[in-house]
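Close look at the chain arrangement
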Amino acid sequence: LSPVCLGSLRRAATTFYILRHAERFVAAAGNGEDDSQEVLTPEGLQRARDLRQKMMDEHLPLDEIFVSDEFVRTLQTASPTEFLYQVSVAEYSAFSPDQQDLADKIANSNPCPDKVMIVTHGEIIVDVLMLSDLLAR
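This section reports on the structure supplied with the text. Because the structure is a prediction, the values reported are computed rather than measured.

What follows covers the overall build of the protein. Secondary structure assignment for the protein yields five helices and four strands. Written out in order from the N terminus, the α and β elements of the protein read α-β-α-β-α-β-α-β-α. Scored against the burial criterion, the 137 residues of the protein give a buried share of 43%. Pairs at least 24 residues apart make up 76% of the contacts formed inside the protein by residues separated by at least 6 positions. Of the roughly 7500 Å² of accessible surface on the protein, a fraction of 53% belongs to carbon and sulfur atoms.

As a further point, take the pattern of salt bridges. Counted according to the given criterion, the structure contains six salt bridges. A salt bridge links Asp35 to Arg24, with the nearest nitrogen and oxygen atoms 3.3 Å apart. Of this pair, Asp35 sits in the loop between β1 (15-20) and α2 (42-57) while Arg24 sits in the loop between β1 and α2, and the two are 11 residues apart along the sequence. Here Asp35 falls in the buried class, since its relative accessible area comes to 18%.

One can find Ser96 in the loop between β3 (88-92) and α4 (100-107). Here Ser96 falls in the buried class, since its relative accessible area comes to 15%. Among the polar contacts made by the side chain of Ser96, one reaches the main-chain amide nitrogen of Gln100 at a distance of 3.4 Å.

Phi at His59 is positive, roughly 55°, even though this residue is not glycine. Structurally, His59 can be placed in the loop between α2 and β2 (64-68). Despite not being glycine, Gln86 has its phi angle at roughly 55°, a positive value. The topology assignment puts Gln86 in the loop between α3 (72-85) and β3. When its relative accessible area of 62% is taken as the criterion, Gln86 is described as exposed.

Turning next to the pairing of strand β4 (residues 115-120). Of all six residues that make up β4, five are buried, and the element is covered over most of its length. As judged from the six bridges shared by β1 and β4, these two strands associate in the parallel manner. Within β4, the position partnered with Thr15 by the bridge is Lys115. In this structure, β2 lies alongside β4, joined through four bridges in parallel fashion. Opposite Phe66, over in β4, you have Ile118 as the bridge partner.

Let's shift gears to the pairing of β3. With five bridges joining them, β2 and β3 adopt parallel strand pairing. In the strand pairing of β3, Ile65 is matched with Val89. With respect to chirality, the unit in which β2 leads through α3 into the neighbouring parallel β3 is right-handed.

Reading guide: rules and limits
- Residues numbered from 1 in each chain as written.
- Predicted model: local features only at pLDDT ≥ 70, side-chain atom pairs only at ≥ 80, totals over all residues.
- Heavy atoms only, no water.
- Helix = DSSP H or I, 4+ residues; strand = E, 2+ residues; numbered from the N terminus.
- Buried < 20%, exposed > 50% of the residue type's maximum accessible area, 1.4 Å probe, protein only.
- Contact = heavy atoms within 4.5 Å.
- Areas by Shrake-Rupley, 256 points an atom, 1.4 Å probe, with all protein chains shown as cover.
- Salt bridge = Lys/Arg side-chain N within 4 Å of Asp/Glu carboxyl O.
- Polar contact = N/O pair within 3.5 Å; in protein donor to acceptor, adjacent residues only side chain to side chain.
- Pairing = 2+ DSSP bridges.
- Right-handed = clockwise from strand over helix to strand, strands pointing away.

Dropping the structure here:
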């Protein structure tokens, strides 16, 4: 990790908002096909808007959003919140070993973010939680 950002993370704890993408259409899931282009259902799109509203109602600050790369549904989940906060959205490789790509991207953010949203996938959310715990120490 970048020593500059890691030092900043240690001085002021980073808050991570970690969530699984909203509901998607499941056309290709489970049959071995590429499911990266699957879009959110109308309910999923509403859940993404509800997330934005909840963050606004709670006055939650946000500096940056990270979404898993090449997955339309993670970007669609983050999009209403991105629009509200006018923050950058960075893509990361969600399936890199030990979430190293995400760790590197957070560590190399400039300035080092205090409040980070990560939109990921259900099957790797535990890995992201463990990473965020290490980065926030």
